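The chain contents come next:
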Amino acid sequence: MARFPKPAEGSWTEHYPGLGTGPVSYADSFTPEFFELEREAIFRRTWLHVGRVEQLARAGSYFTKEIAVARTSVVVVRDTDGKVRAFHNICRHRGNKLVWTDFPQQETSGVSRQMVCKYHGWRYGLDGACTFVQQESEFFDIDRAEYGLVPVHCDIWAGFIFINLGRVPEQSLRESLGPMVTAIEDYPFERLTHRYGFRSSVAANWKLMVDGLQEQYHAPIVHRNQRPENFDAHAAGFEAPHYQIEGPHRMFNSPGIRPWELPDDQIKPSERLVRGGLFGPWDPPDFFADTQVAGMRPGGHERVGVALFEIWPNFGIQLWERGWYHTYQHWPTSHDSHIFEWNMYFAPPRHASDLIAQEMTAVSLKEFALQDDSLIETIQLTLGSGGLTEFPLGDQEVLCRHLHKTADEWITEFKNRA
Amino acid sequence: MTKLPDQFSDLEPFAATWCLPTEPERWARRQESSIDEMRQLYEAVFSRYEAILAYVDRFPLDDMPEEARNLIHLTTSFVMVSFPVEVWNGPRIPDTGHATLERAISPAV
Ligand code: FES
Ligand SMILES: [Fe+2]
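Residues numbered from 1 in each chain as written. Chains lettered and ligands numbered in written order. Predicted model: local features only at pLDDT ≥ 70, side-chain atom pairs only at ≥ 80, totals over all residues. Heavy atoms only, no water.

**Points about the domain arrangement of chain A**
Residue and element names in this part refer to chain A.
- Looking at the assigned domains, one finds that chain A contains domain 1 (17-30 + 186-417) and domain 2 (47-164).
- On a C-alpha basis, the centres of domain 1 and domain 2 stand 33 Å from each other.
- Contacts between domain 1 and domain 2 engage 18 residues on the former and 16 residues on the latter.
- Carbon and sulfur atoms make up 66% of the surface buried where domain 1 meets domain 2, a total of about 1,200 Å² over both sides.
- On the domain 1 side of the interface with domain 2, the three residues burying the most area are Phe-189, Phe-315 and Trp-331, jointly 37% of the side's total.
- For Glu-341, the salt bridge identified is with Lys-65, shortest N-O distance 2.8 Å. (Domains from an automatic or database assignment. Contact = heavy atoms within 4.5 Å. Buried area = accessible area lost by both parts, 1.4 Å probe. Salt bridge = Lys/Arg side-chain N within 4 Å of Asp/Glu carboxyl O.)

Next comes the structure, spelled out in structure tokens:
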């Protein structure tokens, strides 16, 4: 029996008629040709999240971001006026990668007053201006003003730094996020600064991993052992109280188990002990106690505890009702591999018990994530044979249907333009 | 030389192995430990958890004496072995092949 009402059309899928209800092709997830098209048609056109403002705490703070899918590296800096800027991470003299440490393929971060090329020593200010040319008199009428770093479009929403590699972005960042996403900007992101970061190299197409996060139909099966035997809330399967799609973005709410309300025999004993676990630290930060962010529950269900917003193309923000959140990010490296970044953000702990509850949360989520990773790699293994390309998707997989349709539309539209 | 405060001498036998400051170290130790070793740590820390919190919560997090910090590290190892002991009955998560997830960023403790 349905625990949550479905839209008047009878299903979430039919509520969005463009999605259709037939089998869905996954040819977009194992063919090198499709991946080659995604580079230009998707990743060089969209706003891409690259980090949080807290990573750039003061003037001169910088970090680099390797964006293999766009074959580029970007350096993001806070200049002396406090403005966050992004540049192609390439020296104007002869193309050396400008900012890196020890391993040129790896990302780096730090604080610096200027950027100095490791090759012939050209220097650049935090605003990108070329400030010094080694043996300048050897050059032929060179005008340093013309040799500043090449800027990349950069904008900030709710403390999240985005870049856009397009020559001229087709939409502003805010326009591209749209009202469904910007409705969560009152969540106190700027106070949730205690960060735990995970990184993984996943042998699977990036969209398969997004699928694994945006459907929880798998959860009662894959993750069944993590709950004590008596915990049977999932026995009937998974149903989301609300799904919503807006443009290329999508979100869903989970019912939100509240472990602090469950009897002892339905909770892992260590979770009860430290008051934290898969559903986060049980005790919200003081400043969060009465926080209500309506955008987190666009379907109006009061009891939902979790909301995942999948922001096209490769960034997810998952909000929890007790004042913490995490983000997912997928950086494609080939048609069947990507780098997965997962950051959890909590309030700075008041004392050691908060810290331990956060640690229990981070540890518990890792147990689940490794199961998800492994299954997604397994899907890639079999998809790659090309033996089967179309699959039926249920109503709890409506967001997967939307993701693959969106990817397909963007590629088709791009091809038609060319 | 002992690592832990005097009143936690009962936990001292675990200190040399499990007072590990970072998640990658705790994860690696978990992988090479037997279920019995993890269960012993789990039961010992579980039974003293309230006393541990009462002790460490007296200090501000940014000014912890070494012994209190060690006690927190031991407790985070208890957190690390909780799934192996309560759920998996061993260090590994079943069916996870060679999937990995590296903790790249951790707040300092
Ligand atoms: S390549 Fe950078 S100074 Fe020559
Ligand atoms: Fe999962």
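There's plenty left to go through after this.
**Focus on the coordination of the iron ion (ligand 2)**
Residue and element names in this part refer to chain A.
- Bound to the iron ion (ligand 2) on the protein side are His-218 (NE2), His-223 (NE2), Asp-372 (OD) and Asp-372 (OD), at distances that span 2.1 to 2.4 Å.
- One can describe the donor arrangement at the iron ion (ligand 2) as irregular, given that its four donor atoms subtend angles of 56 to 141 degrees at the metal.
- Along the chain, the residues that donate to the iron ion (ligand 2) are spaced as H-x4-H-x148-D. On the criterion of sequence distance, the pair formed by His-218 in the loop between helix H4 (206-214) and helix H5 (219-222) and Asp-372 in helix H7 (residues 352-383) is long-range, its members being 154 residues apart. Asp-372 carries the same exposure label as His-218, and that label is buried. (Donors = N, O, S within 2.8 Å, 3.2 Å for Na, K, Ca; no water. Tetrahedral: all angles 85-135°; square planar, octahedral: opposite > 155°, others 65-115°. Helix = DSSP H or I, 4+ residues; strand = E, 2+ residues; numbered from the N terminus. Buried < 20%, exposed > 50% of the residue type's maximum accessible area, 1.4 Å probe, protein only.)

**Observations concerning the interface of chain B and chain A**
- On the chain A side, the residues contacting the 37 residues of chain B number 38 residues.
- Taking both sides of the interface into account, the surface hidden between chain B and chain A amounts to around 3,400 Å²; carbon and sulfur atoms contribute 70%.
- Taken together, chain B and chain A are joined by five salt bridges.
- The salt bridge partner of B:Glu23 is A:Lys366, with a shortest N-O separation of 2.9 Å.
- Where chain B meets chain A, there are 15 residue pairs in polar contact (both at pLDDT 80 or more).
- Only helix H2 (23-31), helix H3 (35-56), helix H4 (66-88) and strand E1 (102-105) of chain B provide two or more residues apiece to the side of chain B that touches chain A.
- The residue inventory of the side of chain B that touches chain A, partitioned by class, reads 21 nonpolar, eight polar and eight charged.
- Relative to E1(B), strand E12 (residues 194-202) of chain A runs antiparallel, the two being bridged by three bridges. Across the sheet, residue A:Gly197 finds its bridge partner in E1(B), namely B:Ile105. (Polar contact = N/O pair within 3.5 Å; in protein donor to acceptor, adjacent residues only side chain to side chain. Nonpolar A, V, L, I, M, F, W, Y, C, P; charged D, E, K, R; others polar. Pairing = 2+ DSSP bridges.)

**Quick look at the pattern of salt bridges**
- Taken as a whole, this structure holds 34 salt bridges over all chains when the rule is applied.
- The network of salt bridges with shared partners includes A:Arg45, A:Glu170, A:Glu413 and A:Arg417.

**Notes on the sheet that holds strand E20 (residues 337-346) of chain A**
- Taken together, the eight strands give an open sheet; going across it, the order is E13(A)-E14(A)-E17(A)-E18(A)-E19(A)-E20(A)-E12(A)-E1(B), and neighbouring strands pair in antiparallel fashion. On the outer flanks of this sheet lie strand E13 (242-246) of chain A together with E1 of chain B, each paired with one strand and no other. When strand polarity is set aside, the average angle formed by the axes of neighbouring strands in this sheet is 20 degrees.
- Here E12(A) runs beside E20(A); their pairing, made up of nine bridges, is antiparallel. (Axes fitted to C-alpha atoms, helices over the stretch in contact; angles between N-to-C directions.)

**Overview of the side chain of A:Thr64**
All names here are of chain A.
- Positionally, Thr-64 belongs in strand E3 (residues 61-67).
- Side-chain polar atoms of Thr-64 contact the backbone nitrogen of Thr-108, separated by 2.9 Å.
- If sequence neighbours within four positions are ignored, Thr-64 has contacts with Val-74, Val-75, Asn-89, Val-99, Gln-106, Glu-107 and Thr-108.

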